[in-house]
Amino acid sequence: MERFNRKSHWEDIYENKPLESVSWYQPNPETSLNFINQSDLLKTAQIIDIGGGDSFFADHLLDLGFENITVLDISSTAIGRAKERLGNRASKITWIVSDILDFLPKQQYDFWHDRATFHFLTKEEEINHYIKKVSKALASGGTLVIGTFSEQGPTKCSGIDIKQYSTSSLTDLMQHDFERINCLEVDHQTPLGTNQNFVFCSFRKK
Ligand SMILES: C[S@@+](CC[C@H](N)C(=O)[O-])C[C@H]1O[C@@H](n2cnc3c(N)ncnc32)[C@H](O)[C@@H]1O
């Protein structure tokens, strides 16, 4: 059997599906922005969006005046689409094309955001690898925000398996290096009108 190629899967999606048709399409990432507002960040804070794709989170961060935004995604097509949409403003953002598992951060971050990327890691060693990475890359006192499908949410996204979480399973997973700040469940309405239940948690790096 052919081994699943994560990168070509995502390149294929972004080459073939328009922005407004993907299930995760969200012009106003309200929940993520609420976490930003609650974090009392300086405008110079180092913010990274993991698996940001061509989402609007970075656009909103620019609108809010943040100066040090990084967007990482496995798909160069997604990053290319985001840059095209942002036009001149794209040069204010640091873009990184990488699988998160291969990413070697060269600096520390104050705010690490991940909506609907972490949950694609289904193997224990990949999950642990991700947690070690974020723990090392976040400054002490920095904030981690993770949004995944909840136990009431879908079991797959874009045709591939995901791992569901509850507020307590996500908290347990992070508890060694992070203290929980706030968790909530929220429904995302897809462009097809269906609801996907997410769990979002924020954590402070110990
Ligand atoms: C469901 S989409 C969510 C996009 C965006 N975070 C949002 O909320 O609109 C998942 C994104 O994660 C990216 N991705 C999936 N696996 C990844 C990995 N291992 N490393 C980096 N990016 C990944 C995909 O290319 C895609 O852009």
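This text goes with the structure placed above it.
Residues numbered from 1 in each chain as written. Predicted model: local features only at pLDDT ≥ 70, side-chain atom pairs only at ≥ 80, totals over all residues. Heavy atoms only, no water.

Residues of helix 4 (residues 76-86) that are buried: Ala78, Ile79, Ala82 and Leu86. Burial along helix 4 is one-sided: seen end-on, the buried residues are contained in an arc of 95 degrees. Buried residues along helix 4 sit against helix 1 (6-16), helix 3 (57-63), strand 2 (68-73) and strand 3 (93-97). Where helix 4 begins, the capping side chain belongs to serine 75, and its oxygen is found 3.2 Å from the backbone nitrogen of threonine 77. Within two residues after helix 4, glycine 87 carries a phi angle of roughly 55 degrees, on the positive side. (Buried < 20%, exposed > 50% of the residue type's maximum accessible area, 1.4 Å probe, protein only. Helix = DSSP H or I, 4+ residues; strand = E, 2+ residues; numbered from the N terminus. Arc of directions from axis to C-beta. Contact = heavy atoms within 4.5 Å. Polar contact = N/O pair within 3.5 Å; in protein donor to acceptor, adjacent residues only side chain to side chain.)

Before going further, it helps to examine the sheet that holds strand 2. Here seven strands make up an open sheet; going across it, the order is 3-2-1-4-5-9-8 and the pairing mixed. Strands at the two margins of the open sheet, each flanked by one partner only, are strand 3 and strand 8 (178-189). Averaged over all adjacent pairs, the angle separating strand axes in this sheet is 15 degrees, with direction ignored. With six bridges connecting them, strand 4 (residues 109-115) and strand 5 (residues 138-149) associate as parallel partners. Note that in strand 5 the partner of histidine 113 across the bridge is valine 145. (Pairing = 2+ DSSP bridges. Axes fitted to C-alpha atoms, helices over the stretch in contact; angles between N-to-C directions.)

Another point: helix 1. Residues of helix 1 that are buried: His9, Trp10, Glu11, Ile13 and Tyr14. Contact partners of the buried residues in helix 1: helix 4 and strand 7 (160-161).

Okay, the packing of helix 1 against helix 4 next. The interhelical angle for the contact between helix 1 and helix 4, taken along N-to-C directions, is 35 degrees, at an axis separation of 7 Å. Facing helix 1, whose interface residues are Lys7, Glu11, Tyr14 and Glu15, helix 4 presents Ser76, Thr77, Ala78 and Arg81.

Attention now moves to the site of the ligand. Near the ligand lie 18 residues; those nearest to it are Tyr14, Gly51, Asp73, Ile100 and Arg115. Residue aspartate 99 places a side-chain N or O atom 3.0 Å away from a nitrogen atom belonging to the ligand. Arginine 115 is positioned such that a nitrogen or oxygen atom in its side chain is 2.6 Å from an oxygen atom of the ligand. For the ligand, whose accessible area on its own is 590 Å², the fraction buried by protein is 98%. Judged by its atoms lying within 2 Å of the grid points, the ligand is housed in the largest cavity. Among the secondary structure elements, those contributing two or more residues to the shell around the ligand are helix 1 and strand 2. With three residues, helix 1 is the largest single contributor of residues to the shell around the ligand. Considered class by class, the residues forming the shell around the ligand number eight nonpolar, six polar and four charged. (Near = heavy atom within 4 Å. Areas by Shrake-Rupley, 256 points an atom, 1.4 Å probe, with all protein chains shown as cover. 1 Å grid on protein atoms, 1.4 Å probe; cavity = no way out; pocket = protein on both sides within 12 Å on 5 of 7 lines; lining within 4 Å. Sits in = over half its atoms within 2 Å of the grid points. Nonpolar A, V, L, I, M, F, W, Y, C, P; charged D, E, K, R; others polar.)

Before going further, it helps to spend a moment on the state of the cysteines. Tallied over the full model, the rule gives one disulfide. Between the sulfur atoms of cysteine 183 and its disulfide mate cysteine 201 the distance is 2.0 Å. Sign of the S-S torsion, about 110 degrees for the bond between cysteine 183 and cysteine 201, identifies this disulfide as right-handed. With cysteine 183 in strand 8 and cysteine 201 in strand 9 (residues 195-205), the pair connects residues that are 18 residues apart, well separated along the chain. Taken as a pair, cysteine 183 and cysteine 201 share a single burial class, namely buried. The thiol of cysteine 157 is not disulfide-bonded; the next cysteine sulfur, from cysteine 201, is found 19 Å away. In this structure cysteine 157 comes out as buried when scored by relative accessible area, which is 5%. (Disulfide = S-S within 2.5 Å.)

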